[in-house]
Amino acid sequence: SSTNSSTSTNSMVNAHPTYIEYCNSKSFLAWSCKRTTFPLRRRQTRISKLKLKLEVESGACIGAGDTKKFLKNVKDGAPLGAGQILLKEELCLQHDDPDEEWVEAYQAYARYTKYGVLILAETMEEYWLWIKTAAYLSQLKNVPYGRLFVYVEHTSEDEGGKRSRGFIVCIDPGGEGGTATVDNGVGYVLFANGTNYHGGLKDGMRHGKGRYVWASGDVYEGEWSLGKMHGIGKYTWQKSGAIYEGEWALGKKHGRGKKMYSYRLLNRVQEGLWQNDSFESSTTYRLQTSTR
């Protein structure tokens, strides 16, 4: 291990061999989601509380799918152990505006931990805010699949029934697939580009009622069947403001439904029968707007 570390660090800027040896005994190198509007002390308190919870209090559940494969040696639902989550400050990487050398050093240290990077998101709101930042795009884009994880917590209505029930889930920075917190029940599916789903799951697929938010901002809320929009649901297009409410079949508008276009498109409405995403027949009309 020592020989490999010394050889590998020759081309790594700012990655100190002693710190690399230190990383070998740690499970994760943490990356904290932080709102810029939060004062520094509040952010630090939040990170410390999450670290305490995961290491020595309640621990975390291991997510479904590939997460279980990548973390097969981590005990599900048990504390990780004192000191197993390494903070960047411990490695003298406390800069708020990291440059390329800082990024190289961070990624080098992450490679020598047992499992890689753990994003301490806690809530889906924090994950959504963070995934859209330049920091994610520039600093974690080269982390390979199976070495990048996120920690999120279920709500009281989700599988497990506790707000404090947290899950560690793998995400793929270069892929399009999502990973679920649970195989069955109510939970989350997370994607590396910020797309996310919250709702019913069956065998890791979207099933039942749920809300799906695309990275573009488009939203579908309604019924699902084995990963497809199927049943009654509402789709909102973020860019155009258009809304469709009605029946779906296998991911397409199919059956009776109404699509309302935005004011920029003269408030046009298509209401009637849809087939395979196309409007077939019935009524097209324009909403009346007030002149007051």
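Data block above holds the structure.
So, a few notes on the structure that sits alongside this text. (Residues numbered from 1 in each chain as written. Predicted model: local features only at pLDDT ≥ 70, side-chain atom pairs only at ≥ 80, totals over all residues. Heavy atoms only, no water.)

**Digging into the sheet that holds strand 5 (residues 148-153)**
No. 1: Taken together, the 6 strands give an open sheet; going across it, the order is 2-6-5-4-1-3, and neighbouring strands pair in mixed fashion. Taken across any chain shown, the strands that pair with only one partner, and hence form the sheet edges, are strand 2 (61-62) and strand 3 (85-86).
No. 2: Note: strand 4 (residues 116-122) against strand 5, 5 bridges, orientation parallel. From the neighbouring strand, Ile119 faces strand 5, where its bridge partner is Val150.
No. 3: Where helix 5 (residues 100-111) meets the sheet, its contacts fall on strand 1 (28-32) and strand 4, and the angle it forms with strand 1 comes to roughly 140°.
No. 4: The sheet contacts of helix 6 (residues 124-131) involve strand 1, strand 4 and strand 5, and relative to strand 4 the element is tilted by about 120°. (Pairing = 2+ DSSP bridges. Helix = DSSP H or I, 4+ residues; strand = E, 2+ residues; numbered from the N terminus. Contact = heavy atoms within 4.5 Å. Axes fitted to C-alpha atoms, helices over the stretch in contact; angles between N-to-C directions.)

**A word on the pairing of strand 9 (residues 196-202)**
No. 1: The element strand 9 is extensively covered by neighbouring structure, given that 5 of its 7 residues are classed as buried.
No. 2: The pairing of strand 9 with strand 10 (residues 205-213) spans 6 bridges and is antiparallel. In the strand pairing of strand 10, Lys202 is matched with Met205. (Buried < 20%, exposed > 50% of the residue type's maximum accessible area, 1.4 Å probe, protein only.)

**Section: the pattern of salt bridges**
No. 1: Enumeration over the complete set of coordinates arrives at 6 salt bridges.
No. 2: Across the salt bridge formed by Glu221 and Arg211, the nearest N and O atoms sit 3.7 Å from each other. Of the two residues, Glu221 is situated in strand 11 (residues 219-225) and Arg211 in strand 10; the sequence distance between them amounts to 10 residues.
No. 3: Here Glu221 falls in the partly exposed class, since its relative accessible area comes to 46%.
No. 4: Taking relative accessible area as the criterion, Arg211 reaches 38% and is therefore assigned partly exposed. (Salt bridge = Lys/Arg side-chain N within 4 Å of Asp/Glu carboxyl O.)

**A short note on the pairing of strand 13 (residues 243-249)**
No. 1: Taken together, the 6 bridges between strand 12 (residues 228-236) and strand 13 define a ladder with antiparallel strand orientation. Bridging from a neighbouring strand, Tyr235 pairs with Tyr244 of strand 13.
No. 2: Between strand 12 and strand 13, which pair antiparallel and follow one another directly, the connecting turn spans 6 residues, one of which, Gly241, has a positive phi of 85°.
No. 3: Sheet topology note: the strand 13/strand 14 (residues 252-260) ladder contains 6 bridges and is antiparallel. If you follow Tyr244 over to strand 14, its bridge partner there is Lys259.
No. 4: Between strand 13 and strand 14, which follow one another and run antiparallel, lie 2 residues, and Leu250 among them has a positive phi close to 55°.

**Considerations on the nonpolar core**
No. 1: Core analysis: the largest hydrophobic core is formed by 49 residues, its most contacted members being Tyr109, Leu140, Val150 and Leu190.
No. 2: Per-element tally for this core: the top contributor is helix 5, with 7 residues.
No. 3: Discounting residues that sit within four places of it in the chain, Tyr109 has contacts with Asn14, Ala15, His16, Tyr19, Ile20, Cys23, Leu29, Leu91 and Leu93.
No. 4: Formed by 19 residues, the second largest nonpolar core is a distinct cluster that contains Ile62, Phe149, Ile168 and Cys170. (Core = buried A, V, L, I, M, F, W, Y, C linked by side-chain atoms within 4.5 Å.)

**Brief notes about the environment of Glu126**
No. 1: Considering the arrangement of structural elements, one finds Glu126 in helix 6.
No. 2: Overall, Glu126 belongs to the buried group, its relative accessible area being 7%.
No. 3: Once the C-alpha coordinates of Glu126 and Val152 are considered, the two residues, 26 residues apart in sequence, prove to be 9.3 Å apart.

**Here we look at the environment of Gly116**
No. 1: Tracing the backbone shows Gly116 in strand 4.
No. 2: When the C-alpha atoms of Gly116 and Ala30 are compared, they prove to be 8.6 Å apart, with 86 residues separating the residues in sequence.
No. 3: Setting aside chain neighbours within four positions, we find Gly116 in contact with Ser27, Phe28, Leu29, Ala110 and Arg147.

**Observations regarding helix 6**
No. 1: Buried residues of helix 6: Met124, Glu126, Tyr127, Trp130 and Ile131, and no others. For helix 6, the angular spread of buried residues about the axis comes to 160°, placing them on one side. (Arc of directions from axis to C-beta.)

**A few points about helix 5**
No. 1: Look at helix 5: 17 Å from first C-alpha to last across 12 residues, which is about the 16 Å you get at 1.5 Å a residue.
No. 2: Residues of helix 5 that are buried include every one of Trp102, Val103, Ala105, Tyr106, Gln107, Ala108, Tyr109 and Ala110, and no others. (Expected span 1.5 Å × (residues − 1).)

**Regarding the side chain of Glu153**
No. 1: When you line up the elements, Glu153 lands in strand 5.
No. 2: A polar side-chain atom of Glu153 sits 2.9 Å from a polar atom in the side chain of Lys53. (Polar contact = N/O pair within 3.5 Å; in protein donor to acceptor, adjacent residues only side chain to side chain.)

**Let's talk about the environment of Glu271**
No. 1: Here Glu271 lies in strand 15 (residues 268-275).
No. 2: By relative accessible area, Glu271 is classed as partly exposed at 33%.
No. 3: It is 6.5 Å that separates the C-alpha atoms of Glu271 and Ser282, two residues lying 11 residues apart in sequence.

Everything listed here is a matter of geometry and, on its own, says nothing about what the molecule does.
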